[in-house]
2 protein chains.
Amino acid sequence: MKADKISELTTNRLSIYLRCLNELAHEGRKTVSSDRLAKRFHLNSAQIRKDLACFGEFGVRGVGYYIEDLREQITRILGLDHHHRVAIIGAGRLGAALTDYYGFRQTNFEVAALFDADPDKIGSLISDVRVFDVKDFAKIVKKEGIDVAVIAVPAEYAQKVLEEIVDAGIKAVMNFAPTPLLADDDIKLKTIDLTISLESLSYFLARPGKNGRE
Amino acid sequence: MKADKISELTTNRLSIYLRCLNELAHEGRKTVSSDRLAKRFHLNSAQIRKDLACFGEFGVRGVGYYIEDLREQITRILGLDHHHRVAIIGAGRLGAALTDYYGFRQTNFEVAALFDADPDKIGSLISDVRVFDVKDFAKIVKKEGIDVAVIAVPAEYAQKVLEEIVDAGIKAVMNFAPTPLLADDDIKLKTIDLTISLESLSYFLARPGKNGRE
DNA sequence: TCGCGGTGTTTCACACTTGAAACAATATGA
DNA sequence: TCATATTGTTTCAAGTGTGAAACACCGCGA
Ligand SMILES: NC(=O)c1ccc[n+]([C@@H]2O[C@H](COP(=O)([O-])OP(=O)(O)OC[C@H]3O[C@@H](n4cnc5c(N)ncnc54)[C@H](O)[C@@H]3O)[C@@H](O)[C@H]2O)c1
Ligand SMILES: NC(=O)c1ccc[n+]([C@@H]2O[C@H](COP(=O)([O-])OP(=O)(O)OC[C@H]3O[C@@H](n4cnc5c(N)ncnc54)[C@H](O)[C@@H]3O)[C@@H](O)[C@H]2O)c1
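About the criteria used
Residues numbered from 1 in each chain as written. Chains lettered and ligands numbered in written order. Predicted model: local features only at pLDDT ≥ 70, side-chain atom pairs only at ≥ 80, totals over all residues. Heavy atoms only, no water. Axes fitted to C-alpha atoms, helices over the stretch in contact; angles between N-to-C directions. Helix = DSSP H or I, 4+ residues; strand = E, 2+ residues; numbered from the N terminus. Parallel < 35°, antiparallel > 145°, perpendicular 65-115°, else oblique. Contact = heavy atoms within 4.5 Å. Nonpolar A, V, L, I, M, F, W, Y, C, P; charged D, E, K, R; others polar. Pairing = 2+ DSSP bridges. Buried area = accessible area lost by both parts, 1.4 Å probe. Salt bridge = Lys/Arg side-chain N within 4 Å of Asp/Glu carboxyl O. Polar contact = N/O pair within 3.5 Å; in protein donor to acceptor, adjacent residues only side chain to side chain. Near = heavy atom within 4 Å. Areas by Shrake-Rupley, 256 points an atom, 1.4 Å probe, with all protein chains shown as cover. Phe/Tyr/Trp six-rings, centres within 6.5 Å; stacked < 30°, edge-to-face > 60°. Buried < 20%, exposed > 50% of the residue type's maximum accessible area, 1.4 Å probe, protein only.

Asker: So what exactly am I meant to see when it comes to the packing of helix H1 (residues 8–26) of chain A against helix H2 (residues 34–41) of chain A here?
Answerer: Helix packing geometry: the angle between the two helix axes and the distance between the axes. Residue and element names in this part refer to chain A. At a minimum axis separation of 11 Å, H1 and H2 run at an interaxial angle of 95°. Judged by the angle between their axes, H1 and H2 are roughly perpendicular. Counting all contacts with H1, which are made through Cys20, Glu23 and Leu24, the residues of H2 involved are Leu37, Arg40 and Phe41. When grouped by side-chain class, the residues that make up the contact of H1 with H2 number four nonpolar, no polar and two charged.

Below is the structure:
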């Protein structure tokens, strides 16, 4: 197939497949067919084959997929074989929780620096990571080779912080402030808006019956 | 219109509208047209009118919407006028950050109890909230009138914890463990999977050019 | 050598979302 | 009274995602 327009839903599913393969590899299995994978993890076998075929021919007809091989392929496709250095802006409770988040290391991301505007926090260490003054952001980004930023400041400062991040030349940003942000098209911005998720739960509780499953 | 099949995307947008209205109210404005709202917050005016019309006729032709009135209506639609009591299972770093999360209070959610399996944590207080033994989950849920649960335990325990939650009669669950969970259709389960979001950033960094914006 | 199993690929139907356009209805203000 | 502004509603086109089906192709084992 080798489509060049890959939907984000496809790459999200690749993440899922990768986890499933890790589990299977852990159990010592060597090969798996799209059908077995689908049955085992409640997925759709046609979808799996279609998704994988976007990136090349990884399977062996009549056999299925070699688990180790496919793991390596997906790891490469998702860029998980590259190391990335992360800056977290906002050394509050969320920033602290994220600094120590295992998911970062697992994904080959390393939290290299925290940034805050509060003089009491600047200079301190959180899980062995130094908190810098946000005024020095661009300088430290360059010095530390940071290429990913996480926004964990209150919503009203988020847009301004995003602009500083973009000015510093960073292209990939994850935003936890509950507000939509504006950025150019060449910036990958992912907003994780807990408030919307919460209000969606609230809506369900007020009107049980219709679920609207994810 | 009064459609009875409301998409989750619609209610998510209601959350956004509510925030915008709060901002406008804060500025002292009294009315707003769908057009002004759209221009100001980079939305689509037709969409706004359509979304609102799903739930009734809130606007005044020739005028627009009365901000205070519309705020109350959306608050009611989203069920934000009802109080909810939340249990967080997993009193780790994420659980602690969430316990003190302002977004809960703002949404009329109150963290009533934490649960953990670690004897060192059981009995302690985190932001004035007591940590209970997860063994007593059902009992405390009943006693405290808890109706919402948050899963903040490692992924391998998440499914088991979910089953205890469902057994205790809770219908609304937010899951932060990076794994898809299975539940009956009458349970509202929202999974916030940071790993997938991270891997999506990683994919972008490995292949700049195509953005796949949220 | 041949059949079975499973991939790679195409095709189709269906559902959902969006955005635009059109228009009747209606409140406000000149 | 009448023009204007704006909602509520319908309709349509386009894009996208999903799931099923069909089938050629190919590797493995009997
Ligand atoms: N706590 C949570 O569990 C949680 C969960 C999801 C989302 N969030 C969101 O994450 C953000 C942070 O939440 P929190 O609970 O950690 O808040 P917090 O108040 O604990 O931390 C915010 C930090 O940002 C710093 N800050 C403020 N303005 C800044 C600026 N201009 N530059 C750099 N640093 C600045 C503050 O000094 C503070 O240390 C909020 O937008 C919140 O809505 C929090
Ligand atoms: N730390 C973060 O910023 C972050 C962000 C997103 C998602 N997550 C996810 O949230 C979960 C928790 O992350 P964390 O960083 O807080 O981990 P953590 O290790 O700090 O906390 C996990 C807690 O769960 C408790 N626990 C384990 N098994 C339990 C059980 N069966 N019943 C009750 N409690 C149990 C442990 O005792 C521990 O206190 C993980 O799945 C993680 O992937 C964490």
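Asker: Looking at this structure, I do not really get the sheet that holds strand E3 (residues 84–89) of chain B. What am I missing?
Answerer: Strand-to-strand pairing in sheets goes through backbone hydrogen bonds, with the strands running parallel or antiparallel. All names here are of chain B. The strand order across the open sheet built from seven strands is E5-E6-E4-E3-E7-E8-E9, with neighbouring strands paired in mixed fashion. Lying at the two open borders of the sheet, with one neighbouring strand each, are strand E5 (125–126) and strand E9 (188–191). By the bridge criterion, four bridges tie E3 to strand E7 (residues 148–151) in an arrangement that is parallel. Each residue of the ladder has a partner; that of valine 86, found in E7, is valine 148.

Asker: What is the right way to read the interface of chain B and chain A from this model?
Answerer: It is common to give the size of an interface as the accessible area lost on bringing the parts into contact. On the side of chain A, 66 residues touch chain B, which itself brings 66 residues to the contact. Between chain B and chain A, roughly 6,100 Å² of surface is buried when both sides are summed, and carbon and sulfur atoms account for 60% of that area. In this assembly, chain B and chain A are joined by four salt bridges. The salt bridge partner of arginine 93 of chain A is aspartate 100 of chain B, with a shortest N-O separation of 2.5 Å. The interface formed by chain B and chain A holds 17 residue pairs in polar contact (both at pLDDT 80 or more) in total. Put simply, the parts of the chain that give the side of chain B that touches chain A at least two residues each are helix H1 (8–26), helix H5 (93–99), helix H6 (102–106), strand E8 (172–175), E9 and helix H9 (194–206) of chain B. Take the side of chain B that touches chain A: its biggest share by element is 13 residues, from H9 of chain B. Here the side of chain B that touches chain A is composed, by residue class, of 32 nonpolar, 16 polar and 18 charged.

Asker: Help me understand the site of ligand 2, please; the structure alone is not making it clear to me.
Answerer: Close contacts around ligand 2 come from 23 residues, with Arg93, Leu94, Asp116, Lys121 and Val153 of chain B the closest. Surrounding ligand 2 are residues belonging to chains A and B, so the site spans chains. Separating an oxygen atom of ligand 2 from a backbone N or O atom of alanine 97 of chain A is a distance of 3.2 Å. A distance of 2.9 Å separates an oxygen atom of ligand 2 from a polar atom in the backbone of leucine 94 of chain B. Protein contacts shield 85% of the accessible area of ligand 2, which totals 830 Å² for the unbound molecule. Among the elements of the structure, helix H5 (93–99) of chain A together with H5 and helix H8 (155–167) of chain B are those that each provide at least two residues to the shell around ligand 2.

Asker: Where do I start with the packing of aromatic side chains in this structure?
Answerer: The relative placement of two aromatic rings is captured by the distance of their centres and the angle of their planes. Residues and elements named next belong to chain B. Counted by the stated rule, this structure contains ten aromatic pairs over all chains. Their ring planes at 75° and their centres at 5.9 Å tell us that tyrosine 101 and phenylalanine 104 sit as a pair that is edge-to-face. Ring plane angle 40° and centroid distance 6.5 Å describe the contact between phenylalanine 104 and phenylalanine 109, whose orientation is recorded as tilted. The residues phenylalanine 104 and phenylalanine 109 share a single accessibility class, namely buried.

Asker: Help me out: how do you make sense of the environment of aspartate 186 of chain A in this one?
Answerer: Residues and elements named next belong to chain A. Position of aspartate 186 relative to the elements: it lies in the loop between strand E8 (172–175) and strand E9 (188–191). A C-alpha to C-alpha distance of 9.2 Å links aspartate 186 and alanine 172, two positions 14 residues apart in sequence. Of the polar contacts made by the side chain of aspartate 186, one reaches the side chain of lysine 171; its length is 3.2 Å.

Asker: What exactly am I supposed to notice about the side chain of threonine 10 of chain B here?
Answerer: Here threonine 10 of chain B shows up in helix H1. We classify threonine 10 of chain B as buried; its relative accessible area is 8%.

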